[in-house]
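Working through the structure, step by step
Here's the letter readout for the chains.
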Amino acid sequence: MTKDRHCPLVDLHTSSPNAMRLNRLTRMSRRDTLMTGMAGVGVLAVGNVVAAEPATGAEPELERFMKVSTRLTDRACLDPRIGKALYERILQSGPELKAQLSKLATLLESGNYENASAFAKAAEQADPAFKDVIHDIMTGWYRGVADGKVVVYRSALMFDVTKDAIYPKTYAAGGPFYWTTQPPEVDKPTGAPALSPSKFDVEPT
Amino acid sequence: MSSDQNLSADVVIVGSGVAGSSIANELARAGISVIVLEAGPRVDRQHFVDNFRNLENKPSYQGPFPSTPWAVHPPNQMTPNQYLHTSGPNAEAYQQVYLRMMGGTTWHWAGCAWRYLPSDFELKTRYGQGRDWALKYDDLEPFYYQAEVMMGVCGPDPKVEDLGSPRQQPYPMEALPISYAAQQFRKLITEKTPYRVVHEPQARNTRPYDGRPTCEGHNNCMPICPIGAMYNGGYSVYHAEAAGAKFVPNAVVYKIERDSANKKVTAVHYYDPDKGSHRVTGKYFVIAAHCIETAKLLLVSADEQSPDGIANSSGHVGRNMMDHTGVQVTFISGDKALWPGRGPLETNVIDNFRDGDWRGDRGAYLVHMVDDNQVDFATQLAISKGYVGKDLEDQIRYLASHTVRLFSHNEALPDPDNRLTLSKTHKDALGIPHPDVYYKLPEYTVRSCEHTRGLFKDLIGLMHGTDEQWTPGYFPQDHPSGSTIMGVDPKDSVVDGHCRTHDHENLFIASSSVFSTVGTGNITLTVAALALRVADTLKKELLHA
């Protein structure tokens, strides 16, 4: 079920760095937070959460986009609010995108791909045009950008991937001089690219 | 159209950046009446922070600061450009950006607050190159300190780390502790090369200062410090207004009026956004409108009395354009994770090439290891390589923690042929011509850049670097200078050692446009020191008249 793949939604207001600091200052304990969460919305999870809107069957193409997205990110769940915003914005980037996304979903439904790489490889083999569509999806989730517009910034997955080491610009929360400490070591990855390479143009300043 | 207001003050200042606002503050505190005319709008920080967060191209320093139709500034460093039209063999190397708005371009500077070296003021005497300034380092030293106190500059104890510019007073704040990445870089340079990495002096708080908080390391000094821990000209505007100075936003000065003898300036005229014209009279006038706009204003004010423009009997207004042309490379280190981008952007410098006997042959330079958050760059690079899913996430972590960027400031020389003129083809909404700049890199600078490339290659090797990406050619560092050059001889310079124009006794210029040479350190502290010296001169003349 797609529903199962949706994350418990983080309340972006109460989980902001400032709010987290405020929580510490007001000695709000994890237990307090849990109690609030349980009393408030009945969701059993650690941290501040709000109820996820149930996945709606009213937007089947969006649901299919979410399935493709979870496969291409190798993630168990993704935020459906961000997914909806990304999907709508990606559709703006060209008249062909709706049909292409639908075809990509059909490909996913037709096979059993063990991971993102396997699916992406198969997709580019099936139709070279899928490479750009997958780029759009990756750029959407990881950079938070679709159709050249920022859909989300702080919640882009690139910051989730690196959150043990570094803050998104303008959202530092470590206090003065946090930067003098040693960040985590990172081993050289062993994975291979799934798609053929694309030209990378650094944007002008 | 004429104004229904009678605007007049002891001192009329054009431009509200670091130079104009700090002069206004000093004069207003001394009880002198001041009007500051700012071409752009009054702005606030949070608006720019929101703009930044919503900007797709995050490295675009101009991106969060759109210009107004009546005070256009360059939208980016692209050639051709919508506003600053460059030409010549190195047109791209002079594609400067700056801001026309209340507080000026320090809305997006990195806070690097270098003093020039004594030798920077005597390049001709010491090395036979360029020119000498019409002042010495010692003349400026007290004003450097005053500027450091005004901005709130942190820096190293000279007994521990001597940056080469003698100090009578310690820095107002202790040096900023450098990041883990910069510590590792310093260790490498110290152990493996004959060079050194020093703390960069910065107008950034290492403790609460002047009502502003301690730096929290948001890594966004450019384009916008989100908490005001870094100084910008806006803070001098606030102080000056509190002291009684009057600031007029959206006032685009287009004409400088003189008396019949052409010896004294009598008024400046400005357009409001609807092109209503206003006349502002005063006893003294200061043009503090940025290197490019200052020269443009002097040229655009040409009339029958001064067909070549104001203060231009030498013909040097708009000439001698200089910058710190840069060399830049980005690569992936093969050593341990650095995670650049934790803390402020620019904190450390290799300073061994700021001065030496070789300056008779090639320009000086300094090197920044940029402490810039590389997560977005890493993500774009990894996606372009074709990674998806878990492999993409692994690549993002690896590239973001191992990407290193080096860039340099290379010294230019004043060459009269490198020249700003008024565009014959482009005008803004008020009918004022855009600036054109012809630029050819001096060979002196080219040789300096070649030396830098050699150093960078050595450093890449030491860090077992791969995937080198050299920024093509030479790129502008947004430190334009020289367009109203300082000198002792009125025949080949525009202002004297006190930044007073040779031609008009009550007209001063406070800008990097007066620089006779450009050295290597970022220009802002020297601009501020020169401006505070102008304020000192004005105070003496007005209060003791």
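Residues numbered from 1 in each chain as written. Chains lettered and ligands numbered in written order. Predicted model: local features only at pLDDT ≥ 70, side-chain atom pairs only at ≥ 80, totals over all residues. Heavy atoms only, no water.

Describing the overall build of chain B
Inclusion rule: The numbering of helices and of strands both runs from the N terminus, where a helix is a DSSP run of H or I of at least 4 residues and a strand a run of E of at least 2. With C-alpha atoms as the basis for the radius of gyration, the globule rule is written as 2.2 Å multiplied by the number of residues raised to the power 0.38. Think of it in three bands: residues with accessible area under 20% of the maximum for their type are buried, residues over 50% are exposed, and the middle band is partly exposed, with areas taken using a 1.4 Å probe on protein chains only. Residue contacts are defined here by distance: any two heavy atoms, one from each residue, within 4.5 Å place the two residues in contact. Note on areas: these come from Shrake-Rupley sampling with a 1.4 Å probe, and a residue is covered only by the protein chains present in the view. Charged residues are defined here as Lys and Arg on the positive side and Asp and Glu on the negative side; His and the ends of the chain fall outside this count. We put the charge of a Lys on NZ, of an Arg on CZ, of an Asp on CG and of a Glu on CD.
For chain B, the count of helices and strands is 11 helices and 18 strands. At 23 Å, chain B has a C-alpha radius of gyration in line with the 24 Å of a compact globule built from 545 residues. The C-alpha extent of chain B, read off along each of the three principal axes, is 70 × 50 × 45 Å. For chain B, the residues scored as buried account for 68% of the 545 residues in total. Once local pairs closer than 6 in sequence are excluded, the contacts in chain B between residues at least 24 apart make up 74%. With an accessible surface of roughly 17800 Å², chain B has 49% of that area assigned to carbon and sulfur atoms. Taking the average location of the 51 positive side-chain charges in chain B and that of its 63 negative ones, the two points are 1 Å from each other.

Thoughts on the overall build of chain A
Within chain A, the regular secondary structure consists of 8 helices and 4 strands. Along its sequence from the N terminus, chain A presents helices and strands in the succession β-α-α-β-α-α-α-α-α-β-β-α. For chain A, the residues scored as buried account for 43% of the 205 residues in total. Here chain A has roughly 10900 Å² of accessible surface; of this, 55% comes from carbon and sulfur atoms.

Some thoughts on the packing of helix 3 (residues 60–73) of chain A against helix 7 (residues 130–143) of chain A
Residue and element names in this part refer to chain A. Note the threshold: To get an axis, fit a line to the C-alpha atoms, keeping to the stretch in contact for a helix; angles then go from 0 to 180 degrees between the N-to-C directions. Roughly parallel means an angle under 35 degrees; roughly antiparallel, over 145; roughly perpendicular, 65 to 115; everything else is oblique. As a working rule, the residues Ala, Val, Leu, Ile, Met, Phe, Trp, Tyr, Cys and Pro are called nonpolar, Asp, Glu, Lys and Arg charged, and the rest polar, with Gly in that last group.
Interhelical geometry of helix 3 versus helix 7 gives an angle of 80 degrees and a closest axis separation of 10 Å. With respect to helix 7, the axis of helix 3 lies roughly perpendicular. Seen from helix 3, the contacting residues are Phe 65, Met 66, Val 68, Ser 69, Leu 72 and Thr 73; seen from helix 7, they are Ile 134, Ile 137, Met 138, Trp 141 and Tyr 142. Classifying every residue of the contact of helix 3 with helix 7 by side-chain character gives 9 nonpolar, 2 polar and no charged.

Description of empty space enclosed by the protein
Residue and element names in this part refer to chain B. Rule in force here: Only protein atoms enter the 1 Å grid, on which a cavity is a set of points fitting a 1.4 Å probe that cannot get out and a pocket is an open set with protein on both sides within 12 Å along at least 5 of 7 lines, lining residues being those with an atom within 4 Å of a point. Grid points are joined across faces, edges and corners, and a volume is the space filled by probe spheres set on the points.
Taken as a whole and judged by the stated rule, the model has 2 cavities of 30 Å³ or more. By volume, the largest cavity is sized at about 80 Å³. As for the largest cavity, its lining consists of 14 residues, and the residues nearest its centre are Arg 204, Cys 215, His 218, Cys 221 and Cys 225. Residues that form the lining of the largest cavity fall into these classes: 8 nonpolar, 4 polar and 2 charged. For the second largest cavity, the calculated volume is near 50 Å³. Lining the second largest cavity, in full, are Arg 42, Val 43, Met 102, Trp 107, Gly 234, Val 237 and Tyr 238. Classifying every residue of the lining of the second largest cavity gives 5 nonpolar, 1 polar and 1 charged.

Comments concerning the pattern of salt bridges
Threshold: The term salt bridge refers to a pairing of a side-chain nitrogen on Lys or Arg with a carboxyl oxygen on Asp or Glu at a separation within 4 Å.
Applying the stated criterion to the full structure yields 37 salt bridges over all chains. Its salt-bridge partner being Arg 89 of chain A, residue Asp 147 of chain A comes within 3.7 Å of it at the nearest N-O pair. Placement of Asp 147 of chain A in the loop between strand 3 (145–146) and strand 4 (149–150) and of Arg 89 of chain A in helix 4 (residues 80–92) is noted, with a sequence separation of 58 residues between them. Asp 147 of chain A gets classed as partly exposed once you look at its relative accessible area, which sits at 31%. Residue class for Arg 89 of chain A comes out partly exposed when judged on its relative accessible area of 28%. Put simply, Arg 75, Asp 160 and Lys 163 of chain A together with Glu 393 of chain B are held in one network by salt bridges that share partners.

Points about the packing of helix 1 (residues 18–29) of chain B against helix 6 (residues 233–242) of chain B
Residues and elements named next belong to chain B. Applied cut-off: Throughout, a crossing is termed right-handed when the near helix is turned clockwise from the far one, and left-handed when it is turned anticlockwise from it by less than a right angle.
Interaxial distance between helix 1 and helix 6 falls to 8 Å at its minimum, and their mutual angle equals 25 degrees. As far as their axial angle goes, helix 6 and helix 1 are roughly parallel. Relative to helix 6, helix 1 is oriented so that their crossing is left-handed. In contact with Val 18, Ser 21, Ser 22, Ala 24, Asn 25 and Ala 28 of helix 1, helix 6 contributes Gly 233, Ser 236, Val 237, His 239 and Ala 240. Across the contact of helix 1 with helix 6, the residue classes tally to 5 nonpolar, 6 polar and no charged.

Let's talk about the environment of Asp 458 of chain B
Residues and elements named next belong to chain B. Checked against the element boundaries, Asp 458 lands in helix 10 (residues 443–462). Residue classification places Asp 458 among the exposed positions, given a relative accessible area of 51%. On a C-alpha basis, the gap between Asp 458 and Thr 193 in space is 9.5 Å, while along the polypeptide they are 265 residues apart.

Quick look at unusual backbone geometry
Residue and element names in this part refer to chain B. For the bond from Thr 79 to Pro 80, the omega torsion is -5 degrees, close enough to zero to count as cis. Mapping Pro 80 onto the fold places it in the loop between helix 2 (45–53) and strand 3 (85–87). Here the residue pair Met 222 and Pro 223 is connected by a cis peptide bond, since its omega of 10 degrees sits within 30 degrees of zero. Positionally, Pro 223 belongs in the loop between strand 6 (197–199) and helix 6. The residue Ala 311 is not glycine, and still its phi comes out positive at about 60 degrees. Summarising the element assignment, Ala 311 is placed in the loop between helix 7 (291–300) and strand 11 (328–332). We classify Ala 311 as buried; its relative accessible area is 2%. Phi angles above zero are rare outside glycine, and Asp 478 is one such case at about 60 degrees. Assignment of secondary structure puts Asp 478 in the loop between strand 17 (466–470) and strand 18 (507–509).

A few points about the environment of Met 486 of chain B
All names here are of chain B. Structurally, Met 486 is set in the loop between strand 17 and strand 18. Residue Met 486 is classed as buried on the basis of its relative accessible area of 0%. With 14 residues separating them in the primary sequence, Met 486 and Arg 500 have C-alpha atoms 9.1 Å apart. The contacts of Met 486, once residues within four sequence positions are left out, are Arg 131, Trp 133, Ala 134, Leu 135, Ser 493, Val 495, Asp 496, Gly 497, Cys 499, Val 514, Ser 516 and Leu 530.

Comments concerning the environment of Glu 88 of chain A
Residues and elements named next belong to chain A. Counted only if it meets this: Counting of polar contacts relies on pairs of N or O atoms within 3.5 Å, with two restrictions inside protein: one atom must be capable of donating a hydrogen and the other of accepting it, and residues adjacent in sequence are counted only when both atoms are side-chain atoms.
Counting through the fold element by element, Glu 88 comes out in helix 4. Between the C-alpha atom of Glu 88 and that of Asp 147, which follows or precedes it by 59 residues, the distance is 9.8 Å. At a separation of 2.8 Å, a polar atom in the side chain of Glu 88 contacts the side chain of Lys 84.

Some thoughts on the sheet that holds strand 15 (residues 419–427) of chain B
The strands that make up a sheet pair up through hydrogen bonds in the backbone, lying either parallel or antiparallel. Residue and element names in this part refer to chain B. Put simply, the test is: Paired strands, in this sense, are two strands between which DSSP finds at least two bridges.
The strand order across the open sheet formed by 3 strands is 3-16-15, and the pairing between neighbours is mixed. With partners counted over all chains shown, the strands left at the sheet margins are strand 3 and strand 15, one partner each. Direction aside, neighbouring strands of the sheet carry axes that sit 35 degrees apart on average. In this fold helix 7 packs onto strand 15 and strand 16 (433–438), with an angle of close to 70 degrees to the strand it touches most, strand 15.

Remarks on the nonpolar core
Applied cut-off: Side-chain atoms within 4.5 Å are what join buried Ala, Val, Leu, Ile, Met, Phe, Trp, Tyr and Cys residues into a set we call a nonpolar core.
Membership of the largest hydrophobic core comes to 147 residues, with the highest contact counts inside it found for Ile 23, Leu 37, Met 151 and Val 286 of chain B. It is helix 11 (residues 524–543) of chain B that contributes the most residues to this core, 11 residues altogether. Ala 156 and Ala 194 of chain A together with Met 101 and Trp 107 of chain B belong to the second-largest nonpolar core, a separate cluster that totals 69 residues.

Digging into the confidence of the model for chain B
All names here are of chain B. Defined as follows: Confidence scores labelled pLDDT are given residue by residue by the predictor and lie between 0 and 100.
Averaged over every residue, the pLDDT of chain B is 97; residues scoring 70 or more account for 99%. Per-element confidence in chain B is highest for strand 18, whose mean pLDDT is 99, and lowest for strand 17, whose mean pLDDT is 94. What the predictor reports for the complex is a pTM of 0.93 with an ipTM of 0.95.

Looking at the packing of aromatic side chains
Just so we agree on the cut-off: Planes of paired rings set the category: under 30 degrees apart is stacked, over 60 is edge-to-face and the rest tilted, where pairs are Phe, Tyr or Trp rings (Trp by its six-membered ring) whose centres lie within 6.5 Å. Two conditions define a charge located above a ring, namely a distance within 6 Å from the ring centre to NZ of Lys or CZ of Arg, and an angle within 35 degrees of the ring normal.
Taken as a whole, this structure holds 27 aromatic pairs over all chains when the rule is applied. With a centroid separation of 5.4 Å and 80 degrees between ring planes, the pair formed by Tyr 178 of chain A and Trp 179 of chain A is classed as edge-to-face. Taken together, Tyr 116, Phe 121, Trp 133, Tyr 137, Tyr 144 and Phe 515 of chain B form an aromatic cluster joined through their ring pairs. It is Arg 154 of chain A that lies over the ring of Tyr 171 of chain A; its NZ or CZ is 4.8 Å from the centre. Cation over ring: Arg 167 of chain B sits above Tyr 171 of chain B, and NZ or CZ is 3.6 Å from the ring centre.

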